[in-house]
Structures are given as C-alpha cells and as structure tokens.
Amino acid sequence: MAAADGAPTTARRRPFALWGVLMLVGIAAEVLTLANRATWDGAETAVGTGFVFAATYGLAGALILSRQPVNPVGRIFLYVTTVMVVTQFASEYAIYSFLPGNPVLPLREYFGWLSQWTFFTAFPFGMTLIFLSFPDGIPDGKRWKAVLGLAIAGAVVLTLGFLLAQGPINPAARGNGTYTIPLQNPTGLLPDPDNGLAGAVQGFGWAGSGLALIISVVALVVRLFRETGERRQQLKWVAYFAAPVAPAFAIHFFNLAVLNGAFPDFTKPIYIAIYLVGIPTAMAIAILRYRLYGIDVVISRTLVYGSLAAFITAVYVGIVVGVGTLVGSGGRPNLVLSIVATAIVAVAFQPVRERLNRVANRIVYGKRATPYEVLSQFSERVAETYAAEEALPRMARVLAEGTGADRAQVWLRTGTLLRPAAAWPEAEAPEEPVPVRGDDLPHLPGDQAAPVRHQGELLGALTVTKRQGESLTPIEQKLLDDLAHQAGLVLKNVGLTAELLARLEDLRASRQRLVAAQDEERRRLERNLHDGAQQNLVAIKVKLGLAEALADKDPAKARELVGQLKADTDEALETLRDLARGIYPPLLADQGLGAALHAQARKAVLPVEVDVDGVGRYSQEVEAAVYFCVLEALQNVQKYAAATRATVRVRIDGGELRFEVEDDGKGFDPVTVKRGAGLTNMADRMDALGGAIELDSAGGGGARLSGHIPVVEMAPV
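An account of the accompanying structure is given in this report.

**Details of the packing of aromatic side chains**
Right, on to step 1. This structure, assessed with the given rule, holds 12 aromatic pairs.
Right, on to step 2. Between Phe53 and Tyr57, the ring centres sit 4.6 Å apart and the planes meet at 15 degrees, which makes this aromatic pair stacked. Here the residue Phe53 and the residue Tyr57 both occupy positions in helix α2 (residues 49-67), the gap between them amounting to 4 residues, near one helical turn.
Right, on to step 3. When the ring of Tyr110 is compared with that of Trp113, the centres are 6.1 Å apart and the planes differ by 40 degrees; the resulting orientation is tilted. With Tyr110 and Trp113 both in helix α4 (residues 108-117) and 3 residues apart, this pair spans about one turn of that helix.
Right, on to step 4. Judged by relative accessible area, which is 43%, Tyr110 ranks as partly exposed.

**Description of unusual backbone geometry**
Right, on to step 1. For the peptide bond that leads from Trp424 to Pro425, omega is -5 degrees, which places it in the cis range.
Right, on to step 2. Positionally, Pro425 belongs in the loop between β4 (417-424) and β5 (434-435).
Right, on to step 3. Here Ala642, not a glycine, exhibits a phi torsion of approximately 55 degrees, which is positive.
Right, on to step 4. Examined against the element boundaries, Ala642 turns out to sit in the loop between α19 (620-641) and β9 (646-653).

**Considerations on the pattern of salt bridges**
Right, on to step 1. Applying the stated rule across the entire model yields 10 salt bridges.
Right, on to step 2. For Glu609, the salt bridge is made with Arg645, and the minimal N-O distance between the two is 3.5 Å. Of this pair, Glu609 sits in strand β8 (residues 608-611) while Arg645 sits in the loop between α19 and β9, placing them 36 residues apart in sequence.
Right, on to step 3. Relative accessible area serves as the criterion here: at 44%, Glu609 is assigned to the partly exposed category.
Right, on to step 4. Of the residues examined, Arg645 reaches a relative accessible area of 39% and is grouped as partly exposed.
Right, on to step 5. Among the charged side chains, a network of salt bridges with common partners joins Arg649, Arg651, Glu660, Glu662 and Arg704.

**Details of the sheet that holds β4**
Right, on to step 1. The sheet built from 5 strands is open, its strands ordered β5-β4-β3-β7-β6 with antiparallel pairing. Edge strands, defined here as strands with exactly one partner in the open sheet, are β5 and β6 (448-454).
Right, on to step 2. For β4 and β5, the ladder comprises 2 bridges, and the chain directions are antiparallel. Each bridged residue has a counterpart across the sheet, and for Leu417 the counterpart in β5 is Pro435.

**Points about the side chain of Thr463**
Right, on to step 1. Structurally, the position occupied by Thr463 is in strand β7 (residues 457-465).
Right, on to step 2. The buried category is assigned to Thr463, whose relative accessible area is 3%.
Right, on to step 3. Non-local contacts of Thr463, meaning those with residues more than four positions away in its chain, are made with Leu399, Arg407, Ala408, Gln409, Trp411, Leu444, Pro445, Gln448 and Ala449.

**Description of the environment of Arg67**
Right, on to step 1. Inspection of the secondary structure assignment puts Arg67 in helix α2.
Right, on to step 2. Given a relative accessible area of 16%, Arg67 falls into the buried group.
Right, on to step 3. Sequence separation between Arg67 and Pro15 is 52 residues, and the spatial gap between their C-alpha atoms is 10.0 Å.

Definitions and cut-offs
Each chain carries its own residue numbering, running from 1 in the direction its sequence is written. Whole-chain, interface and lining totals are the exception, using all residues; otherwise, since this is a predicted model, local features are given only for residues with pLDDT of at least 70 and side-chain atom pairs are given and counted only at 80 or more. The side-chain numbers reported here are obtained from all heavy atoms of the structure, hydrogens and water having been left aside. Here a Phe, Tyr or Trp ring, Trp counted by its six-membered ring, pairs with any other such ring whose centre lies within 6.5 Å, and the pair is stacked when the planes are under 30 degrees apart, edge-to-face when over 60, and tilted otherwise. Numbered from the N terminus, helices here are DSSP runs of H or I no shorter than four residues, and strands are runs of E no shorter than two. The buried label goes to any residue with under 20% of its type's maximum accessible area, the exposed label to any with over 50%, and the partly exposed label to all in between, with areas taken from a 1.4 Å probe on protein chains only. Salt bridge, as applied in this entry: a Lys or Arg side-chain nitrogen positioned within 4 Å of an Asp or Glu carboxyl oxygen. The pairing criterion is simple: DSSP has to find at least two bridges between the two strands. In this analysis, two residues are considered to be in contact whenever any of their non-hydrogen atoms come within 4.5 Å of each other.

Printed below as a string of structure tokens:
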C-alpha cells in the first residue's frame, strides 16, 4: 500500500516511531527533572526544554516527514528535538546520580560530560537552519551558502568552546548554569572559561552563531515582502513571530560576547517564549490555515482523538477519583463508580465525537465542508433525478464550495469543442469554446483543470479559479480529481441527452428541408411545364388552326404545316420525357437500378464503371433515393473532382442496400469544406428512409461517397 504522495507506508511510520522514542526519553528526562527539584533555579525549571521540544517540534517534524519524507524542515525539527531531549536527559541523569543520598547510576560521568556540550550543536545552529529552510529548503545562491557556512562555523567553535573548557561541569539544562556537579570536564584543554582562552573561543562562537541567526531572521522577513500569493501567506506567520528574535538576540549576544554577561539578560525570556511557543504556533498556523504540507486529515483526526482521550480521562478521573473521594473510598478503586464512568463514556462517546469532529474540521478547513463531506454530498445529489440543466450548475456549485474557489466551471464536449456548460457563480459573459484534438485535454481558462472521462473517452472538464494570490493546495487538488472521476457518468448522461436533443433538432430541420425541397420541386415542375411543354402545346394548337384554315386555300402550305406539327409534337414528347425522367425515370421504374445507372453512366463525360451484380428490385422510394444520390455524386465528380474515371458499386449486404461512388480526382478536406445543398439533399433522402451517407476523402487521394439503407427485396412481377 502506498501513501497519498507515493511514499510507502513504512516510510510514513518511521518519523512517528522516532518521535515516539523521543517522547519516551523526554518523559524519562521530565521524571528525573521532578526528582531533582532540590536543584531548581525556580519554578520554570520544572518543565525541561527537551520534553517541550519533543511535544512541539518533534510532533511537527514527524507529521511533515510522514507526508514528505525528504522535506528539510521536518528533518531539522527532529534533529533539534533529538539534541534537546538528549541534553535534558543527560543533564538530569548526571544531576540525579551525583546528588547526595541518591544511588550511583552507571555511566554518570559520561552523561555529565554529554550535558556539557551537546546543547550547542542544536542551539542556535538548528534554529538558524529552520529560518533559512522554511518552508521547503534553503534557497539557491552564494549569500545563502555564506550564511549557512557562518552558522556551521559558529556552531563548531561554540561547541568546542564548551567541550574543551576546563573546570567542573555545569549541566546545560539548568536555567542559569550555576549548578555544578563534582566532576571535572575530562576533555578540558582550554584554561579559565571565564576570562581565558576558553571564554574567548566561546565568545567567538556566540558571535558567529548569533550573527548567522540574526541574518536568517532578517532574510526571512525580507523574503516575506518579496514573495506573493500563497508562499507569502506561508511565510507571513513565521516571519511575524520571528521578527522580535533579531533585536533580542542582538542584545543577548552583545551582552555575552562583548560584555561577558555583565548585565541582566532581560531578552532571554523573549526568545525562549518565541522558540518554545511562537515558532511551533506559527508553523502550525501555516500548516492548518494554508495546508502547506497537505496533512489536514492527519491533524483533524489527531485533534478529534486527542480530545476524545482527554474527555474519557476527565470523565473517569472526575467520577472515580473525585466522587470516590467524596463518598469516602479512600482513593481506592470503586467498581460501581468505574461502571458508572464507563456507561457515561459509552453513552456520550458518539455525540462528543461528532461535535469534536465538526470543531476539528472547522479549525482545519474553515467554514466549508471537508473534502470527504463534499464527495458524499456530490454522490447524494447526482443520485437524485435532476434535469440536465440542473445537474451541471449543482456540480459547479459543489466544486466551488468544496475547494474554496472564487469560480468553478463545468465544460461539456460537443464534437471537437469543449463548451462551458455551467459555472458557479454564474457568469454574465460565458467563456468561448475551446477546440479539442483527440482525447487530450486542451488548455482551459482557470487556475487548474481536471479532465472528466468515461471509459477513456474525454467528455468534458472541471476548472477552478482561486482568489488572487491563492492556489490549489494538494488536498484541494485531490478533491478536484476525485470529483472529476465521479462526474464521468453525469456528463455521459448529459451528453447523451444533448445528443438526443441535437438529433431531434436535426430531424426537425431535415423534415423542414424535405418540405421546402418538395415545394421547390413543385415550383420547378410548374416552371418547366409552363416554359417547356405548355409552350410547345400552345404552338401546336396555333399551327393546327392555321393548317385547318389553309387546307382548302393552299393545300401545299397546309401539308408543310402538318410536317412542322409532327416535328413540334416530337419535340413536345421529348420535353415531357425529360421532365418525367427528372421526377422518376421510366427506365428505373421498368428495369430497376442496374439499367437506370448503366444508362446514366453512358451519358457521363468521363468513363464510369458500374457494378450492380446481385441487386434486385426494391420499393420505389428506396430505388429513387439510391438512384438520385448516385446521380448527384456523379455530377459532383464531373464538375469539381478533376477525375479521369469513376466507379459505382451497388450491393446488398445483411438486409441493407449499400452503394459507393468513388473517383480518382484531387480530393478535398472533409473537415474544412462546407457541405453544399447536394450533400444535404442526399443526407435528407437517406435519413427519411432510415439510411445514412458518409463522405471520405484526402487531398490528392480521390473521394468516396458511400451510403446504406435498410431494404426488403420485392418478389419479381
């Protein structure tokens, strides 16, 4: 099983395992601290810094590394925590073992020696690294490397100054460092740590470390004003908390390095409070509010179950201990009270858990719902029956509310275009359609887009636009992707509905074109009859009257007119035949498709090969539709194709009459060439009988018009 970001589960558990060990050592150190209360400088010594670091920096580091195993900030947190825990434990262990009346513990001299110098390997060096590295590593550049080198050099010199100082050991965990144990530093080579060489080395170390720390804090504040958007929000809290560190440290280190601690250090509580409370709080706000490391769910659950543990403990202690004391059980366990406490916890557990869950989610996610609640609401809503015009706006609203986006849009694919189908909030001017190539998602307006697919087919997309200066966090990105996955079936249904409506609209338009074509055909027949056959017949009538008048007066002239009447009658008959062929060719009615198409092929201006083997007789409508489609295709070939030959094939295949008209002309691009009236009429003819046509061509490769229509072969008459 893999983590959300691809890290194996084992890698996610290691940081928490280390943190658990550090907490155990920190608790042991705290127990020793309480046992050594005779040596306290004041009440503030009751809580050791190692234990506090384990509970704050250690937990934060484990959470960060559980999601980002190579994040430098998480590693520095755990490094600093380890040093501080080891320092407190070594100090308290040595103090306890050397106190009169306590048992002599093994390795007490070794732990005393560790307490002399380990603290300075993390402080202030580790803090400098935190300021330099937050939020995702030390920036590139020579100046940053110079600051890092100064911090390392200062830490090395400072550590050596305490490691090699002669004299008794002062446990580093003590407040003012005045408590000593009866043990001389075994590595003490530098004499007189107060005013001699050891003191000078320590002063140089404090100066270098302090200067590096101050520069890192100033650099953090400068970076804050240079950054924009979410990065600025991430740096803001840490920079604001860290800003007081620079002047406080400047005064503190000047007092130590230059004045040798001559004045009371009033700045110490400032930077201690900042380190122990301010910095962890600032980084917690950055993580919670701006989801810097994508651990919202982990933190939310931690808050819930931590609060539940506190609730259960409070109820049990309050009833068993508190009530037991009042009723006089003497502090001994009372079975009845234990049962009562258990019953109360059992009854209140679920309501309290739900309430705590809402509070935790409000802390982590703000006013909007958690991503999982958004997915649940989305699933419930799409399961209900909504019209297409309602489903997409609801989807856009759920997406906007779930991601905290300023605007969310749902795009629907129609053909080769992605069109904006819904938006939340609704836009006054919708976005322009975006072309699509294949099933690849094109660039769409917005900060982030997620494709919506169903069985691998691109159906649409979801886009979100965040407020200025913000961007999608990892958890919001995952929510967008999950919503896109669930939206596939919805967009599929909406697409089918839209396709059905489009087909109905095409059918209405086709019927309107057929009616218009029929009206135009009637008008054409009327014009042809008026201008052609009618004029011939009128001329024949006039000549007949003239021939009748000349029959007695001028028989020769009358015979000449009769001859002209024969020619005029032949011309009128030919006109009527041509007119009849335009309506329904007599040859087609008498002998069928084969004979009619062969006759038309002989009249063509280029060689036309006709293959109609196996084709029988079919209904008049079917034969007319195929005949006129082939005629229209041949006319287009002769007019536009620049072809040298053409082939007509007609065959019966699986209950369908199929035909093809293929040429070897120059071809064309079917996508860019606009469909003319001829192709539209052919499509309407075939569509009216349940058939269809297809046009296939490529520049330089000829063209092929094919069609199919369901038929039932008629018995021969």
